[in-house]
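Single-letter residue listing:
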Amino acid sequence: MPEKSTTGVGAKSDLVFFVNGKKVVDPDVDPEMTLLTYLRRKLRLTGAKLGCGEGGCGACTVMVSRYNPTQRKVLHLAVNACLAPICSLHGAAVTTVEGIGSTRTRLNPVQERIAKAHGSQCGFCTPGIVMSMYTLLRNHPTPDMEQLETTLQGNLCRCTGYRPILEGYKTFTKESHGCCGGMASNGCCRDYQCEQAANGNTGNEWDENVSKELFQVSEFLPLDPTQEPIFPPELMKGEGSDERTLKFVGERVTWIKPATFKEVLELKTKIPRAKLVVGNSEIGVEVKFKNCDYPFIIAPGHLPEINFHRYTEHGITFGAGCTITYLNDTLAEAIDTLPEHQTRLFAAIVEMLRWFAGRQIRNVGCIGGNILTASPISDLNPIFLSAGCTMTVMSHQGGSRVVKMDHTFFPGYRETALTPEEVMMSLDVPFTKENEYFLAYKQARRRDDDIAIVNAAFRVQFEEGTNVIKDVALSFGGMAPTTVMARNTANSLIGLKWDNDLLPEACSCLEDDLPLSPSVPGGMVEFRRTLTTSFFFKFFLSVQQRLNLKVGGLSGSVVPFDDVPPSYRSAYSLYHREPSQGTQMYQEVPKGQRRDDAVGRPIMHLSALKQATGEAVYTDDMPHIQGELYLGLVLSKKAHAKIVSIDPSEALKMPGVETFVSAEDVPGSNITGPVVKDEEAFATEKVTCVGQIVGAVLADTQAHAQRAAKAVVVQYEDLGPKIITIEDAILHQSFYQPVNKIEKGNLVEAFEKSDQILEGELRIGGQEHFYLETCAAIVVPHGEDGEMEIFCSTQNPTTMQMLAAKVLGIPANRVVCRVKRMGGAFGGKETRPFAITSVCAVAAHKVQRPVRIMLDRDEDMVITGRRHPFLGRYKVGFMSDGRVLALDISLYSNAGNSLDLSHGVMCQALLRSDSAYTIPNVRAVGYVCKTNTASNTAFRGFGAPQAVFFAESWIADVAIKCGISQHKVREINMCKEGDVTHYNMTLEGCQLQRCWEECLKQSDFLTRRRQVDGFNGENRWKKRGLAAIPTKYGIAFIGSFNQAGALVHVYTDGSVLVTHGGTEMGQGLHTKMVQVAGRVLKIPTSRIHISETSTNTVPNTSSTAASLSSDLYGMAVKIACETILQRLEPYMGKGSWDDWVRAAYFDRVGLSATGFYRTPGIEYDIQKNEGRPFSYFCYGTAVSEVEIDCLTGDHTVLRTDIVMDVGNSLNPAVDIGQIEGAFLQGYGLYTMEEQVYSPDGVLYSRGPGMYKIPGFADIPIHFNVSLLRGAPNDKAIFSSKGVGEPPILLASSVFFAIKDAIYSARADAGYKGIFRLDSPATAERIRMACKDQFTAQFPAAEPGSFTPWAIKL
Ligand SMILES: Cc1cc2nc3c(=O)[nH]c(=O)nc-3n(C[C@H](O)[C@H](O)[C@H](O)COP(=O)(O)OP(=O)(O)OC[C@H]3O[C@@H](n4cnc5c(N)ncnc54)[C@H](O)[C@@H]3O)c2cc1C
Ligand code: FES
Ligand code: FES
């Protein structure tokens, strides 16, 4: 209960703030509510989205404006509404995406440009990106490219690959006059492209049929800052001018906004456990995800006593409440104005802050919050400790005191030297001295917006005019439960000279100073330890270099110091990234094509403008229905256990709770499953994975439902064995049957004939879909005849319908499933959402009221499964000239606790084990492992990315074994026209060679190969790598799913409504279908509308998946439209479309028609290896170049060129968007995204904080995509090809470029020959593969001698 009586503060206050210019006065606000919930639920402004709830995705971004009386101006900040407590908005003006423009009134240029530049696919991230950009423009109407890229650091998009967003927004920047803004180091990219073309290097020569314009800048609305909404004059008095203390009291939490600092201190004395909250970026996460309760909050952020900076004799003093942005800007200004030597510490802080969270967090998080959270991976604390900063703290009774930030400041995990009553007032950040050097380092999973794995800050001071160490401090984060100082190392270095003898001494001391147990939380033990000495090495060289420069300056007055070899300078050069740029080339429509025939033209996604304005409605944006309840899930906490009891009694007593729902309430069958019925809707006797649904609580709000669900007590009794990993499954022979096999040729003979044989084992990890919109459903019972309506974010409405009917025990004709759009899906919404729609249906049936659920990100990640992790064991026979004769491969996939689509995924993996090569003798065997983890499922590529990874790995190894270049060996073995695959399909119309040759030419591969080798010869600690990867991707569903239906209505006003069985998840399917209908009916696309997908209009649909939907539904729509056109033919002699339609209507001609299509000739029997599994193939090639930092494992993609065969593109903008988006998703799979599981099968990586998908800064710096010209496909609609999945495989070019770079690093250290590199190539894997003296210092502990913190599935 809130401590109302102890506060001494008077009655409850009204919360007053403005939203989009309208005043909101709330006398009864709940302090636990976030701004996002308030906007979405109370104000019905659903433009801002919930993507994660932890500040990690930016989908919820809004602009918060406040008047600053000191600066006498209004400050506009982009803020994460999901972390902003609603009470913190008192006195502020909030602007949401709805407040800046709409399709109904006037679009804001920020909304228009992202849409027209094709930067919105599913659109779920779009409002957040729009608001980040809008805020930047409010502060800087003409930003530069660096500001643009920094501003978007805190926003994620899973669909677009970011390039089109940057392209659209580049038009606002200073540099926008050229396409790259003239920012490329080698001149404007267009000049470069033209030059390349002139040299005949593009492969896609710039003839008049090739276009590189996907949008017209001239069509954009101009930005006119004077048109923007004004700040409410009523708020001009500003923050801090409240004369009275405000108090907001909720159900469980009281929020006090004190009028004076004296009050803060008094309150802290009265209630020491009261929490101070400023940015809430720590506390918000603790409350939401770590079950922390803080019943009493003091919000002092507005008070001037902690909001200031002041120059002193020794440095700059900052108020504890200053935000990270403020700290950064103030220090940056000081760096610009003060002598260099004074600001070395400031420079280290500013450099560190480039990688500190995203802009939205930096705008609210404060210095005091960062220090006093006492996180062991705080980025600032190592710096402040090494700098020996002092802080002033104050308490009501003790007054003020100065505390030094030294090794005693953090006595234990999340503890500080402050007493509970004390409040931090300020921090002194000192100047550095002339003979003092300061640098800081950080390595994270992702460079931008990520917390550190290890960070470090080093300071050294020399005796005047010498290289003798007078004082040194070394602090580390991520190496202990607190930030630590390596004091013994420091002590042993003092008095030594900064020369080459120092390094081994320092490294050896650091090893002793910073021990880590092999079971330490966070894992990555050898990597973390290696980073400590690697960072020090960077510092060592950096300082050595500076000392030498200084010696030069001192004209030999001191002895010359050890020099830094030129090739070693690569160790410490600062990371700098040029603005991203690229070209996209495609074939224009033939001359003479009707102007209003949109097929082949780059038209914008039909919903893009609505997505950019927040008007597009996703499932959870639908208005609340009278009587609606919210479902909170009770999830298993055990991987394999008997359920002893379930006790909901405490939950049922909690506020707002309606009832508890479990297996006992299922009116139909509790046994369910999308393919085979091997699952339970609610677990009954036992659970077989963590995250399985055991029960659910219905309550009036999400908060009440979720809180009550946590209060349900489930007793378990562990069962054995607990099978978590693939190795566990192999040990226990836990496989789903049958074990499928594809066999061709004679392996025994082929291996005998082979000159060499290569055997190996590799692993590729799983991948979380991370669609920005988590799974969501609303189920509405209609009362009559058991009718039930399901609104759901799913790719597969029919499966949701059928399984809901089954669990309810009613025929499918009583259940309608409706899908308007999804905020991304990628295969993750094909089957697994049934788990939530089924339990919602049971709950709705029980109470006969509408039930809503939208999973929190952590729930979604735990429940809904992901891409299968694979283990591959292979044996390859080949000739010394590189020809591969035989492949014997066993694939093992971790399928989880139910079969779901895992057999299909494995079947596809077996079919794709040849990648893009013709191998005469093959045996591919697939074991689908049954484990105690959440059931894994479809994901873009459906087994292909894993299979291709193995193939491209062994073929690269074959090349190295043969001493031939990798691209030559790929060429020798590459598939060509007429070749027969290992599944006995003859390749017809094979475009692979063309893609390969054009891409090699376009990328200038051979020249760049020489340049890369040259670079590597000159640099020891940074290495570059280059790889070219071809791809061949068969398109088809398995068996009977290759069918599709459509329904087309023509209304008497001439407008057309198209419905088909496919769903819109951002991939532009509806846009393409409208283009198809427009061409057939010969009317403009503006006359055609698609409103939704529903099972009562087009029944028995296949899932929207397998890159096939345009082919299937395109044909179905075409057939339906052709039927209508035939019926209209008698009326077409004169008049217009409208006249024909009216005439036909009055003649009683049916103006509605269905279309049905089934792909001919697809039938494949895997047992007999007979038939045709695919309709046709998509081909492509990518060339990628990377640079790695051998000391940290960091990497950058310098350039990627793609040539992709998509037949005759239906819509080049959509297709290029799919290629770039898939490429970046594949890039995440192969380099970054890592599932972290405990040995007990508990998923640790449950949100964007720990699970990293690529961000804006991860895209290739140069990204060039060309669609292959003149390659029509006679097997699909209007000669097009499917495109959704194939390009994901091309991202493996980055992985193999990284591996290429590592080879060079290893060679320099004396390690020759092939080596194993599993996927993803994370910083940890890259660093540890670059073996050197630092990695040798930290050998791994003997496996089996300890329990690791995390395991690989
Ligand atoms: C998505 C995300 C990314 C992040 N990335 C990074 C990162 O890259 N690097 C990094 O270091 N951190 C990161 N953080 C952590 C966090 O943002 C910072 O630590 C931030 O500075 C905390 O400040 P705050 O004002 O939001 O703290 P709050 O949550 O408001 O408070 C945090 C703690 O500090 C205490 N406190 C605050 N001010 C005072 C005071 N004056 N006196 C006494 N106690 C006080 C509070 O009582 C509370 O215990 C990230 C957080 C999120 C959510
Ligand atoms: S929902 Fe707020 S940052 Fe993700
Ligand atoms: S468009 Fe960005 S997440 Fe879908």
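Residues numbered from 1 in each chain as written. Chains lettered and ligands numbered in written order. Predicted model: local features only at pLDDT ≥ 70, side-chain atom pairs only at ≥ 80, totals over all residues. Heavy atoms only, no water.

The protein goes by Xanthine dehydrogenase/oxidase in an unreviewed UniProt entry, where it is assigned to Branchiostoma floridae. Recorded in UniProt for the protein, the comment headed Subcellular location (unreviewed entry) runs: "Peroxisome". If you open the UniProt record of the protein and go to Subunit (unreviewed entry), you find "Homodimer." (UniProt positions renumbered as here; feature names shortened; annotations may be inferred.)

*Asks:* Provide a residue-level description of the UniProt feature "domain: FAD-binding PCMH-type" (unreviewed entry) in the protein, including the pertinent values.
*Replies:* Those residues carrying the UniProt feature "domain: FAD-binding PCMH-type" (unreviewed entry) are residues 248-434 in this numbering. Helix makes up 33% of residues 248-434 and strand makes up 21%, while its end C-alpha atoms are separated by 52 Å. (Helix = DSSP H or I, 4+ residues; strand = E, 2+ residues; numbered from the N terminus.)

*Asks:* Describe the site of ligand 1, and please don't skip the residues or the numbers.
*Replies:* Close to ligand 1 lie 34 residues, the nearest being L276, V278, G279, S281 and D379. Contact between ligand 1 and G279: an oxygen atom at 2.8 Å from a main-chain N or O atom of the residue. Here ligand 1, which alone exposes 990 Å², has 92% of that area covered by the protein. Those elements that provide at least two residues to the shell around ligand 1 are β9 (275-276), α8 (283-289), α11 (359-364), α12 (367-373) and β15 (423-430). Per element, the largest residue contribution to the shell around ligand 1 is 5 residues, and it comes from α12. (Near = heavy atom within 4 Å. Polar contact = N/O pair within 3.5 Å; in protein donor to acceptor, adjacent residues only side chain to side chain. Areas by Shrake-Rupley, 256 points an atom, 1.4 Å probe, with all protein chains shown as cover.)

*Asks:* Give a detailed account of the sheet that holds strand β26 (residues 686-687), specifying residues and quantitative values.
*Replies:* Pairing in this open sheet of 3 strands is antiparallel, and the strands run β26-β22-β28 from one edge to the other. Every other strand in the sheet has two partners, leaving β26 and β28 (713-718) as the edge strands with one partner each. Note that strand β22 (residues 641-647) and β26 share 2 bridges and pair antiparallel. Paired with A641 across the two strands is V687, which belongs to β26. (Pairing = 2+ DSSP bridges.)

*Asks:* Talk me through the pattern of salt bridges; I want residue IDs and the actual numbers.
*Replies:* The final tally for this structure, using the stated rule, is 73 salt bridges. Among the salt bridges present, the one from R252 reaches E32, with a minimum N-O distance of 2.7 Å. Remark: E32 occurs in the loop between β2 (22-26) and α1 (35-42) and R252 occurs in the loop between β7 (246-249) and β8 (254-257); sequence separation between them is 220 residues. Its relative accessible area of 24% is what places E32 among the partly exposed residues. With a closest N to O distance of 3.0 Å, R883 and D881 form a salt bridge. (Salt bridge = Lys/Arg side-chain N within 4 Å of Asp/Glu carboxyl O. Buried < 20%, exposed > 50% of the residue type's maximum accessible area, 1.4 Å probe, protein only.)

*Asks:* Which residues make up the UniProt feature "binding site: [2Fe-2S] cluster 1" (unreviewed entry) in the protein, and what values do they have?
*Replies:* The sites that carry the UniProt feature "binding site: [2Fe-2S] cluster 1" (unreviewed entry) are, in the present numbering, C52, C57, C60 and C82. In terms of the greatest pairwise C-alpha distance, the residues named above, spread along 31 residues, form a tight cluster of at most 10.1 Å across. Relative to the helices and strands, C60 resides in the loop between α1 and β3 (61-68). Sequence-distant contacts of C60, that is, excluding residues within four places in its chain, are made with L36, A48, K49, V79, N80, A81 and C82. (Contact = heavy atoms within 4.5 Å.)

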